[in-house]
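Results of the structural survey
Here is how the chains run, residue by residue.
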Amino acid sequence: MATTRIGTHINAPRSTVYRLLLDGDAVSVWMVPDGMTSEVHRFEPVEGGSFSITLTYEAPVDEGRTQPQHDAYFGTFRTLVPDEQVIEVLEFVTEKPEMTGAQSVTFTLTDADGGTHLDVLHEGVPAGLGLADNEVAWRMALTKLVALAERGSVG
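Everything numeric here is computed off the predicted structure, so don't read it as measured data.

**As for unusual backbone geometry**
Even without being glycine, Asp83 reaches a positive phi, approximately 65°. The residue Asp83 is located in the loop between β4 (70-81) and β5 (85-93) in this model. Here Asp113, not a glycine, exhibits a phi torsion of approximately 50°, which is positive. Note that Asp113 resides in the loop between β6 (103-112) and β7 (115-125).

**Topic: the environment of Thr79**
If you trace the backbone, Thr79 turns up in strand β4. Residues Thr79 and Val46, spaced 33 residues apart in sequence, show a C-alpha to C-alpha distance of 8.3 Å. Residues contacting Thr79, with those up to four places away along its chain left out, are Glu47, Gln85, Val86 and Ile87.

**Topic: the sheet that holds strand β2 (residues 36-43)**
One open sheet accounts for seven strands, arranged β1-β7-β6-β5-β4-β3-β2; its pairing is antiparallel. Of all strands in the sheet, those bounded by a partner on one side alone are β1 (2-10) and β2. Put simply, the sheet's adjacent strands are angled 20° from each other on average, direction ignored. As defined by bridge partners, strand β3 (residues 50-57) adjoins β4 across seven bridges and the pair is classed as antiparallel. Across the sheet, Ile53 pairs through a bridge with Tyr73, a residue of β4. Relative to β6, helix α1 (residues 14-21) is tilted by about 160°, and along the sheet it contacts β1, β2, β4, β5, β6 and β7.

**Focus on the layout of surface pockets**
Here the largest pocket is characterised by a volume of approximately 1000 Å³. Looking at the largest pocket, it is lined by 36 residues, and the ones nearest its centre are Tyr57, Asp71, Phe92, Met99 and Leu129. Contributions of two or more residues to the lining of the largest pocket are made by β3, β4, β5, β6 and α3 (131-151). For the lining of the largest pocket, the residue count by class is 20 nonpolar, seven polar and nine charged.

Conventions we followed
Residues numbered from 1 in each chain as written. Predicted model: local features only at pLDDT ≥ 70, side-chain atom pairs only at ≥ 80, totals over all residues. Heavy atoms only, no water. Helix = DSSP H or I, 4+ residues; strand = E, 2+ residues; numbered from the N terminus. Contact = heavy atoms within 4.5 Å. Pairing = 2+ DSSP bridges. Axes fitted to C-alpha atoms, helices over the stretch in contact; angles between N-to-C directions. 1 Å grid on protein atoms, 1.4 Å probe; cavity = no way out; pocket = protein on both sides within 12 Å on 5 of 7 lines; lining within 4 Å. Points joined across faces, edges and corners; volume = space filled by probe spheres on them. Nonpolar A, V, L, I, M, F, W, Y, C, P; charged D, E, K, R; others polar.

Given below as structure tokens:
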């Protein structure tokens, strides 16, 4: 199990960023890598509340497959500190042993240069998910979060 840490500056107040971390509709827009769509099935943003999300590839990733391919995960909100921190514990829905196990994602928000610095710490990254791929996916997602927080849309 490995760790990915990534940070970004957002020209928006912490309250705006925190709200976007806990809004299921917003999460379906920003917390998805390019080339995929997201469906939030359950999203209960309270401590101990659960979530369930499916990501669907826009094009098949396995040669010879024509059906949509999905990645799914579920988890709980372990810690919520308004405008400061969100900690999620999640697991992939998978039969692949190299992708199993609990992971945690910690979002920490601090004031910075008239906006918010967001630090994301993804711990317990499974062996089957390459660290470089994980970082690229987080960068894509955070780019969308920045756009949504600063302009109200990702487009």
